[in-house]
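An overview of the molecular structure
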Amino acid sequence: MTDLSTFSRLESEVRSYCRNFPTVFTHAEGAVLTDESGRPYLDFFGGAGALNYGHNHPVLREALIAYLQSGAVTHSLDMHTAAKARFLETLDARLLKPRGLSYKVAFPSPSGTNAIETALKIARKATGRTGIVSFTNGYHGMTLGALAITGNQSKREGGGISVTDTSVMPFDGYLGRNVDTIDVMRRYLEDPSSGVDAPAAFILETIQAEGGVNVCDMDWLRRLQRLAHDVGSLLIVDDIQVGCGRTGPFFSFDGSGVQPDILTLSKSLSGYGLPFAVTLVKPEHDVFSPGEHNGTFRGFNPAMVTATAALDTFWADDTFAQETTRKAGLVRERMESLARRFGGEVRGRGFIQGVAFDDPKAADRIVAGAFERGVVIETAGPRGEVLKFLAPLVVTDAQIAEGFDAIDEAAEAVFTKARPVSSSNGPEVTA
Ligand SMILES: *Cc1c(COP(=O)(O)O)cnc(C)c1O
């Protein structure tokens with residue numbers, strides 16, 4: 001029997017994901033986590049999107065070990081290192097140049113929320129404005145600037161102070177299919193008496209991941225960019241969770257023609273689960289003076305090494321993106337089948353997909369049942385009503401089938417058990 005008492009005795013109550021997956025993990029490879037009893041679990045959660053290339057990818061591990069063995073620099077503040085030069089050149093050559101994009105790279109402290117803080121500070125300084133427009137159900141991290149643009153009330157209140165200088169606008173589809181929320185925003189922003197001032201920036205996730213797998217239409221995104229520029233604001237795309245190939249191509253907005261003024265990346269950027277983040281900013285908005293934004297761990301070279309190796313391994317051509325898109329079709333079929341059988345709506349694109357179940361408690365119960373059957377998967381959405389598929393992109397066809405078979409079983413058990421409970425005045429049903 002696994003002993004979890006060390007964690008309940010010594011670790012803060014703030015611990016979170018571990019509560020859904022009550023075991024002690026010891027090893028991991030690809031899309032499989034193994035616990036101390038040797039039991040394997042299929043990982044359909046992928047480190048919340050930090051493990052797009054799977055756990056311990058052998059090519060990235062080899063690059064990391066070779067780097068460490070060589071005696072090269074591990075920590076360097078933001079001093080020049082050979083590892084950083086290689087990362088910058090590779091990012092430019094593999095991601096930016098082929099798309100006709102030009103960005104300066106700011107290295108924030110190595111987590112997503114720090115990339116967001118950096119983006120907000122740049123936008124405010126570049127425009128001389130204080131306000132930020134964020135979107136319903138948006139999620140951008142847990143530090144105070146990021147909390148101010150986060151939809152979720154309990155997370156926002158966790159900051160313990162009022163978070164200000166932001167306005168929330170309706171995301172694509174938020175007011176129903178027939179309401180064009182770009183028109184709504186334009187009305188607010190063009191009326192000098194609406195109470196909403198033109199912001200420093202609009203910030204969004206093109207697919208709201210934590211917020212319930214809400215996808216914005218590419219045309220909506222293009223029109224948002226136009227609106228932002230019409231009112232003198234910058235457009236910030238937070239591609240922290242749905243970038244790095246999650247939707248198929250490297251950037252979630254690829255193919256839209258949109259060129260964000262500021263772009264944040266983290267989670268799968270290092271490729272190996274090592275902490276790493278960047279804030280990309282168009283050269284004309286690169287307004288920080290030297291050291292105006294700083295941090296001790298902005299030069300974590302091992303992460304730059306694995307990030308470079310990941311760009312070389314997976315993004316030299318579009319084979320990997322196409323393979324993600326092909327496998328996403330398999331995932332779609334299984335998601336559609338869950339929604340058909342148990343009642344719900346399928347959302348998402350590429351390798352981020354969800355079923356928003358009609359029964360808001362179902363997803364949580366399916367997560368528990370799936371774990372008992374050897375699958376790690378999480379929920380999303382305002383009430384945790386969305387079962388969210390976020391497996392590493394390297395998961396095999398057979399693993400997809402095996403994982404969804406377990407999820408189907410778990411869902412069946414949840415929905416057959418749930419029925420007698422919900423029909424409160426009916427006769428008691430015995431199995
Ligand atoms: C995870 C996430 C963040 C925050 O990243 P951390 O590394 O957890 O600070 C910000 N934006 C999005 C879209 C995310 O998914």
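The structure presented is a predicted model; accordingly, all values stated were derived computationally and were not measured.

Reading the values: the criteria
- Residues numbered from 1 in each chain as written.
- Predicted model: local features only at pLDDT ≥ 70, side-chain atom pairs only at ≥ 80, totals over all residues.
- Heavy atoms only, no water.
- Pairing = 2+ DSSP bridges.
- Helix = DSSP H or I, 4+ residues; strand = E, 2+ residues; numbered from the N terminus.
- Axes fitted to C-alpha atoms, helices over the stretch in contact; angles between N-to-C directions.
- Expected span 1.5 Å × (residues − 1).
- Buried < 20%, exposed > 50% of the residue type's maximum accessible area, 1.4 Å probe, protein only.
- Domains from an automatic or database assignment.
- Contact = heavy atoms within 4.5 Å.
- Buried area = accessible area lost by both parts, 1.4 Å probe.
- Salt bridge = Lys/Arg side-chain N within 4 Å of Asp/Glu carboxyl O.
- Near = heavy atom within 4 Å.
- Polar contact = N/O pair within 3.5 Å; in protein donor to acceptor, adjacent residues only side chain to side chain.
- Areas by Shrake-Rupley, 256 points an atom, 1.4 Å probe, with all protein chains shown as cover.

**Digging into the sheet that holds strand β6 (residues 166-169)**
- Taken in spatial order, the 7 strands line up as β4-β12-β11-β10-β7-β5-β6 in an open sheet, and their pairing is mixed. Taken across any chain shown, the strands that pair with only one partner, and hence form the sheet edges, are β4 (104-106) and β6. Within the sheet, the average angular offset between the axes of one strand and its neighbour, ignoring direction, is 25°.
- Direction of pairing for strand β7 (residues 201-204) relative to strand β10 (residues 234-238): parallel, over a ladder of 4 bridges. Across the sheet, residue A201 finds its bridge partner in β10, namely L234.

**A short note on helix α5 (residues 112-127)**
- Here α5 spans 23 Å end to end across 16 residues, near enough to the 22 Å set by a 1.5 Å rise per residue.
- Considered for burial, the residues of α5 that qualify are G112, T113, A115, I116, E117, T118, A119, L120, I122 and A123.
- Backbone geometry just after α5 places G128 at a positive phi near 70°.

**Considering the domain arrangement of the protein**
- You can read the domains of the protein as domain 1 (5-57 + 318-420) and domain 2 (72-314).
- If you average the C-alpha positions of domain 1 and of domain 2, the two centres end up 26 Å apart.
- Between domain 1 and domain 2, the residue contacts involve 31 residues of the former and 30 residues of the latter.
- Interface area for domain 1 against domain 2, summed over the two sides, is near 2500 Å², with a carbon-plus-sulfur share of 53%.
- At the boundary of domain 1 and domain 2, one finds 1 salt bridge.
- Note that K388 is salt-bridged to E210, the shortest N-O span being 3.4 Å.

**Brief notes about the site of the ligand**
- Around the ligand lies a shell formed by S111, G112, T113, Y139, H140, G141, E205, D238, I240, Q241 and K267.
- Within the side chain of Q241, a nitrogen or oxygen atom sits 2.7 Å from an oxygen atom of the ligand.
- Within the contact set of the ligand, an oxygen atom lies 2.7 Å away from a side-chain nitrogen or oxygen of K267.
- Contact with the protein chains removes 83% of the 380 Å² of surface that the ligand exposes when unbound.

**A few points about the pattern of salt bridges**
- Applying the stated criterion to the full structure yields 24 salt bridges.
- Among the salt bridges present, the one from D219 reaches R222, with a minimum N-O distance of 3.6 Å. Of this pair, D219 and R222 both sit in helix α9 (residues 218-230), 3 residues apart, roughly one helical turn.
- Residue D408 pairs with R341 through a salt bridge whose shortest N-O separation is 3.8 Å.

**Quick word on the pairing of strand β1 (residues 25-29)**
- Pairing of β1 with strand β2 (residues 32-35) involves 4 bridges; the strand directions are antiparallel. From the neighbouring strand, A28 faces β2, where its bridge partner is L33.
- The antiparallel hairpin formed by β1 and β2 contains 2 residues in its connecting segment, where G30 sits at a positive phi of about 60°.

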